[in-house]
Amino acid sequence: MIKNGEKLFGPGADNGKKVAVIGAGPAGISAACELRSLGYGVDVFEAKAQPSGLTVYGVAPYKITNEETLAEMAYLQAQFGYNVHFNSAISSREELEKLENKYDAIFLGIGLGKTNELGLPGEDKINCTGAVEFIAELREFQHKVAVGRKVIVLGGGNTAMDAASESSRLGAENVILAYRRAKEEMGAYEFEYDLAKGVGVKGLFNVAPVEITGNGYVAGVKFIRTETKDGKVSEIAGSEFVEPCDMVIKATGQAKQTEFLSLIPGLKLDGKGRIIANAHTGQTSNPKYFASGDAWNGGAEVVNAAAEAKLTARGIHAYLSK
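Residues numbered from 1 in each chain as written. Predicted model: local features only at pLDDT ≥ 70, side-chain atom pairs only at ≥ 80, totals over all residues. Heavy atoms only, no water.

Attention now moves to the overall build of the protein. In terms of helices and strands, the protein carries 10 helices and 14 strands. Along the three orthogonal principal directions, the C-alpha set of the protein runs to about 65 × 45 × 35 Å. Counting only residues that meet the buried cut, the protein has 47% of its 322 residues in that class. Put simply, of all contacts in the protein between residues at least 6 apart along the chain, 67% involve residues at least 24 apart. As presented, the protein carries roughly 15,500 Å² of accessible surface, and 51% of it is formed by carbon and sulfur atoms. Charge centroids of the protein, computed over 35 positive and 39 negative side chains, lie 3 Å from each other. (Helix = DSSP H or I, 4+ residues; strand = E, 2+ residues; numbered from the N terminus. Buried < 20%, exposed > 50% of the residue type's maximum accessible area, 1.4 Å probe, protein only. Contact = heavy atoms within 4.5 Å. Areas by Shrake-Rupley, 256 points an atom, 1.4 Å probe, with all protein chains shown as cover. Lys, Arg positive; Asp, Glu negative; His and termini not counted. Charge placed at Lys NZ, Arg CZ, Asp CG, Glu CD.)

What follows is the structure in structure tokens.
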């Protein structure tokens, strides 16, 4: 338990150098703490009004509360003394140039963007939403969010499990988790699926969404059955059917921040839109920029982001100590 005022950590001796951290999520805060312990001045720039990224905006509320998260963030800032600038999105080349001129290095802890669009007919209907946005709304409004009587969650990852579990906990009478592959092929941890089943979520496997049906509002999802051969999913002709519902939550991954990253000269991305960086130092192809977290690893766990960022902070230190 965190005890207010108890001093267990602190900044290292000032070395006269400064680092800008873009993003106050798990990666950004972890990097800020480690950099301060190494004697760097640190300014964190956060687009939103609160710190901690997915931990506040993207983790299901039944796992952790905002109060717990924000208390830890306040504790770490008091211990290490980094500066956080909220509502301070860095989104233009001009803003990046100012950081490049003012700071000795820049850490990218920007995470991922909004839920990927599926390109389905009817995807714009009322009550069709992304899982990331749905969970962010839950966290912001403390569970005071309306859900449909019957909810279909599209996806098979941990975020899909969170969206399905929360829908059931919020009072949905029927929640179906629909995934295009077999149950055994889901990306979610097995215990996450067990948690979802424990609150009444049902699985519908080997189905791919074709269309969101309804007149203005969601009325159902048209699926086609699938099969997997040699690791590839194929659709079974003539197997279409409609599963009625009044809400659809898309847990189909998050978009990469490619538009923003294109503003950084010389920064290279891989074929999946992830930042390419040295696995040991976090340094990118633009030597002044370093990266960790989801924008680098493509979407792992909070603990991965924090651990990677600590390693990258030491990479920054090695680079600036030359």
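Let us keep going from here.
Quick look at the environment of Gly200 now. When you line up the elements, Gly200 lands in the loop between helix H7 (190–198) and strand S8 (202–205). Spatially, the C-alpha atoms of Gly200 and Thr213 are 24 Å apart, while their sequence positions differ by 13 residues. Apart from the residues lying within four places of it in its own chain, the contact partners of Gly200 are Ser168 and Val175.

Now for the pattern of salt bridges. On inspection of all chains with the given rule, the structure shows 12 salt bridges. A salt bridge links Lys150 to Glu243; the shortest N-O distance between them is 2.6 Å. On the criterion of sequence distance, the pair formed by Lys150 in strand S6 (residues 150–154) and Glu243 in strand S12 (residues 241–244) is long-range, its members being 93 residues apart. Taken individually, Lys150 and Glu243 each receive the classification buried, so the pair is uniform in this respect. In this structure, the salt-bridge partner of Arg274 is Asp270, at a minimum N-O distance of 2.7 Å. When salt bridges with common partners are traced through the structure, they connect Arg93, Glu97 and Glu100 into a single cluster. (Salt bridge = Lys/Arg side-chain N within 4 Å of Asp/Glu carboxyl O.)

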